[in-house]
Each structure stands twice: as C-alpha cells, then as structure tokens.
Amino acid sequence: MSSNHDAGYYSEIVAADSRRKEFNIKNHSLLYSKQKPDFIFAGDSITHFWELNAYFRNPDHFIINRGIAGDNTTYLRKRFFTDVLQLEPKYCILDIGINDTIDLEGDYWKLIPPAPYENVLEKAKENYCDIIHQTKQTHTQLIVTSLMPIYMPTSLHERERKDFIKDFNNWLTQKAKQENLIFVNYYTPTCYPGASIPLDGITYDGLHPNGKGYDIMATILRNTLKQHSIHI
C-alpha cells in the first residue's frame, strides 16, 4: 500500500481533524520503518483514552491506538484506510458508533432539531458496512465490539440514545455473524440487567470507562479472542 496515502482535513470542523497531523506523522513512521502492528484499536474517545499498555503487556505484540475523541462512523469510515488498513495490522479492534447518537440531540442554540432516529441508525449501519467492505479487501481481520451502556440523565434524549445502543448492538451482533467476524460483547457484562445503565464504579461520567471499566473491557476482549485462538 502507498506510503504517501495521507488523510486530508475536512471542509467542516470535525473531531477526526484533531489528531490528523499526529496520526499522519506516526503512520509515516510505521510505513517508513516497515513495521506492521499486530493490533490496531480504532474508534472514538473510549478507544482514545484507553491506556492500552496498562492492560496488554505481551512483549511479542505491537499494539497501537488510533482512537479520536468525538469521532463517529462517518469520519472513521473516511480515515479508516489511512489510520488502519494502509498500516497492514493483523487485527483491528473496532469500537465506534456512540457519537452518532449526538445527532439525536440536535443543537438548541443553533436551532438544529434532532435528526430522525431511523436516519441516524441507518447512516451508522451504512458507514459500518463500508468499513467492513474496506477491510475485506485486505488481510486485516476486523474484530467488532459492542457499544457500552450509558447514564446521561442531563441529556434531553437519553432514551433515544439508549435505544440506539440497543438497536445498533443487535445489528452488530447479526452483522458479525453474517460476515464471519468476531464479536466482542462489552455491553452485557458492564450493564445492570434490565436497567440499561452501566454498573456502579466503572465510568467517570456515565459514558467513559475509568480504570476499573477498562479492566473489565480488557478481560472481556482477552477472553473472547482466546476462544478464537488469538492472544493479546
């Protein structure tokens, strides 16, 4: 793959731009030195803030993080080749979608109404399908992870966002089966049964995991991959 393939900036202010220069330089370093990662974690803030070396310490594995806080499926889809596929990792662990639910909030101050629920959900599915299609053209194995439960009582549309998480996770489960991809279920072990909220003491703010939350995620990921003879 071309070592000159850099992602450009977008024509609007988006979270994906916040680490563009950093990732372009880091990606070029990997390509220049011909080092191929074993695992790339790609996603939004939940990936971005994950101190991976604190949980995965196998000296034989090269693991890198390509998460961007605030990213969504639309812009990860656009940067996926540059930040993941051109680096030719063995595996990509993908956690994306929660920020798509921001469109369900609208913007009170800018007088932007909430986007229709079905439109937001279908757009996220379409973007995810494109990411899967991109990966199928390479030797990288995509590992699909569920969205996490949230507790955001200050949100005016928390119910819609929780519905999205449930519906998108159900779709991801079926899509992973259909495409013969590994599915990692973070949701069920981190959620109170029947309550749609995260367990006490595993997040900072009802959305982002803390050290304990990431420890649970790491255990789930490690055990799921082990079932497929993949060790991380």
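Up top you'll find the structure we're talking about.
Keep in mind that what you see is a predicted model, and the values were worked out from it rather than measured.

Caption draft 1: Representation of helix H3 (residues 73–83) within the structure. Counting buried residues in H3 gives eight out of eleven residues, a clear majority hidden from the surface. Elements in contact with the buried residues of H3: helix H1 (20–33), strand S1 (39–43), strand S2 (63–67), strand S3 (91–95), helix H4 (117–136) and strand S4 (141–145). The N-terminus of H3 is capped by Asn72, whose side-chain oxygen sits 3.1 Å from the backbone nitrogen of Thr74.

Caption draft 2: Representation of unusual backbone geometry. Unlike most non-glycine residues, Asn180 shows phi in positive territory, near 60°. Looking at the element boundaries, Asn180 is found in the loop between helix H5 (158–179) and strand S5 (182–184). Here Ser229, not a glycine, exhibits a phi torsion of approximately 60°, which is positive. One can find Ser229 in the segment after helix H6 (211–226).

Caption draft 3: Up close: the pattern of salt bridges. Applying the stated criterion to the full structure yields 15 salt bridges. A salt bridge links Glu126 to Arg77; the shortest N-O distance between them is 3.7 Å. You can see Glu126 sitting in helix H4 and its partner Arg77 sitting in helix H3, a full 49 residues away along the chain. A salt bridge links Arg159 to Asp163; its shortest N-O distance comes to 3.7 Å. Residue Arg159 and its partner Asp163 are located together in helix H5, separated by four residues, close to a single helical turn. Overall, Arg159 belongs to the partly exposed group, its relative accessible area being 47%. Classification of Asp163 by relative accessible area gives partly exposed; the value is 30%. Here the residues in one salt-bridge network are Arg20, Asp71, Arg79 and Asp83, joined through shared partners.

Caption draft 4: Here's a closer look at the side chain of Gln134. Along the polypeptide, Gln134 turns up in helix H4. Once residues lying within four places of it in the same chain are set aside, the contact partners of Gln134 are Arg77, Phe80, Phe81 and Leu85.

Calculation notes
Residues numbered from 1 in each chain as written. Predicted model: local features only at pLDDT ≥ 70, side-chain atom pairs only at ≥ 80, totals over all residues. Heavy atoms only, no water. Buried < 20%, exposed > 50% of the residue type's maximum accessible area, 1.4 Å probe, protein only. Helix = DSSP H or I, 4+ residues; strand = E, 2+ residues; numbered from the N terminus. Contact = heavy atoms within 4.5 Å. Polar contact = N/O pair within 3.5 Å; in protein donor to acceptor, adjacent residues only side chain to side chain. Salt bridge = Lys/Arg side-chain N within 4 Å of Asp/Glu carboxyl O.

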